Amino acid sequence: MTNNTNGISTDIRVNGKKLDYVNRFKYLGAVIADEGSKPEILTRIAQATAALARRKTIWNDRNIALSSKIRLMRSLVISIFLYACESWTLTADTERRIQAMEMRCLRKLLGITYRDHISNEEVRNRTRQATGPHEDLLTTVKRRKLKWYGHVTRSTGLAKTILQGTVQGGRRRGRQKKRWEDNIPEWTGMTLRGERNGGSWLPRHLWRPSGPPDYGIGEGEGEFNIFALKSPII
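Now for a look at the structure at hand.

Cut-off values and rules
Residues numbered from 1 in each chain as written. Predicted model: local features only at pLDDT ≥ 70, side-chain atom pairs only at ≥ 80, totals over all residues. Heavy atoms only, no water. Helix = DSSP H or I, 4+ residues; strand = E, 2+ residues; numbered from the N terminus. Buried < 20%, exposed > 50% of the residue type's maximum accessible area, 1.4 Å probe, protein only. Contact = heavy atoms within 4.5 Å. Pairing = 2+ DSSP bridges. Salt bridge = Lys/Arg side-chain N within 4 Å of Asp/Glu carboxyl O. Core = buried A, V, L, I, M, F, W, Y, C linked by side-chain atoms within 4.5 Å. Axes fitted to C-alpha atoms, helices over the stretch in contact; angles between N-to-C directions. Parallel < 35°, antiparallel > 145°, perpendicular 65-115°, else oblique. Left-handed = near helix turned anticlockwise from the far one by under 90°. Nonpolar A, V, L, I, M, F, W, Y, C, P; charged D, E, K, R; others polar. Phe/Tyr/Trp six-rings, centres within 6.5 Å; stacked < 30°, edge-to-face > 60°. Lys NZ or Arg CZ within 6 Å of the ring centre and 35° of its normal.

Notes on the overall build of the protein chain
At step 1: The secondary structure content of the protein chain amounts to 8 helices and 4 strands.
At step 2: Counting every position in the protein chain, which comprises 234 residues, the buried fraction comes to 36%.
At step 3: Of the contacts made within the protein chain by residues no fewer than 6 positions apart, 62% connect residues no fewer than 24 positions apart.

Here is the structure:
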């Protein structure tokens, strides 16, 4: 079978058996879809929201400190959402959904509903008062993706060849779908080959500050170069 849009053949055979062409499948627990990362992100949001609801007795317990509740949320809820986030392609719509999901979790822990007419900024202020400065969820997703990009860029394997290489054919006419690699220059000003005017440093707003934890595993490391990063922890 040939994709008439760009002329790329999709007739793939393994041991003489032709593989079926599908628009969506699940691989290692993550949804891979022709329409991009949005189905997977929505699935992760639904799973994290369900995990949040299942533990409402913890969130409603007045004997548990807010700081402890937030640590539990990071371990029991946010970890589910962040699974394989390095592979996501973020758009303005999915970024808003990620921010809304995080705010829904924080409001649940604080016992605040939207009927209380308390702004999102005030919710974040109350959270910082309980835990100190911390990284918001969207920044954590971006950091993990950039961390994986830096890991691949330093390597010499097939992943780097695929990431920086090209395939035969062209992109379709009209408005183009956002691709995974399109996020990299948006966030860093770097090309996929690691070039950037003025050096190869991450933008200031994506630095991890010394001390305050993010939604990942480990302590803050201060300023860092993307090409000196270790492999991401999923």
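Resuming the write-up.
Points about the pairing of strand β3 (residues 24-27)
At step 1: Examined bridge by bridge, β3 and strand β4 (residues 30-33) share 4 bridges and lie antiparallel to one another. Within β4, the position partnered with Y27 by the bridge is A30.
At step 2: The turn linking β3 back onto β4 is made up of 2 residues, and L28 within it adopts a positive phi angle of 50 degrees.

Considerations on the pattern of salt bridges
At step 1: Per the stated rule, a full pass over the model turns up 12 salt bridges.
At step 2: Put simply, E40 and R44 hold a salt bridge, and the shortest N to O gap is 3.0 Å. Of this pair, E40 and R44 are both found in helix α1 (residues 38-54), 4 residues apart, which corresponds to roughly one turn of the helix. Like E40, the residue R44 is buried in the burial classification.
At step 3: One salt-bridge network, held together by shared partners, links K38, D93, R96 and R97.

Some thoughts on the nonpolar core
At step 1: Ranked by internal contacts, the top residues of the largest apolar core, which has 33 residues, are M73, V77, F81, W88, L90 and I98.
At step 2: Elements supplying a minimum of two residues to this core: α1, α3 (66-81), α4 (92-110), α6 (137-154) and α8 (183-188).

Points about the packing of α1 against α3
At step 1: Orientation of α1 relative to α3, taken along the N-to-C sense of each, is 165 degrees, at an axis distance of 7 Å. By the angle between their axes, α1 is roughly antiparallel relative to α3. Read as a crossing pair, α1 and α3 show a hand that is right-handed. Where α1 abuts α3, its residues I41, R44, I45, Q47, A48, A51 and L52 lie against L76, V77, I80 and F81.
At step 2: Its residues placed into classes, the contact of α1 with α3 shows 9 nonpolar, 1 polar and 1 charged.

Quick word on the environment of L110
At step 1: On the secondary structure map, L110 appears in helix α4.
At step 2: Spatially, the C-alpha atom of L110 lies 8.3 Å from that of R126, the residues being 16 residues apart in sequence.

Quick look at the packing of aromatic side chains
At step 1: Here the structure, examined in full by the defined rule, presents 2 aromatic pairs.
At step 2: Where F81 meets W88, the ring centres are 5.2 Å apart and the plane angle is 70 degrees; that geometry is what we call edge-to-face.
At step 3: Judged by relative accessible area, F81 falls into the buried class, the value being 0%.
At step 4: Between the aromatic rings of W148 and W180, the centroid separation amounts to 5.5 Å while the plane-to-plane angle is 85 degrees, which identifies the pairing as edge-to-face. Of this pair, W148 sits in helix α6 while W180 sits in the loop between α7 (158-164) and α8, and the two are 32 residues apart along the sequence.
At step 5: Owing to a relative accessible area of 29%, W148 belongs among the partly exposed residues under this scheme.
At step 6: In this structure W180 comes out as buried when scored by relative accessible area, which is 13%.
At step 7: The lysine or arginine in question, R107, covers the ring of Y114, its NZ or CZ lying 4.3 Å from the ring centre.

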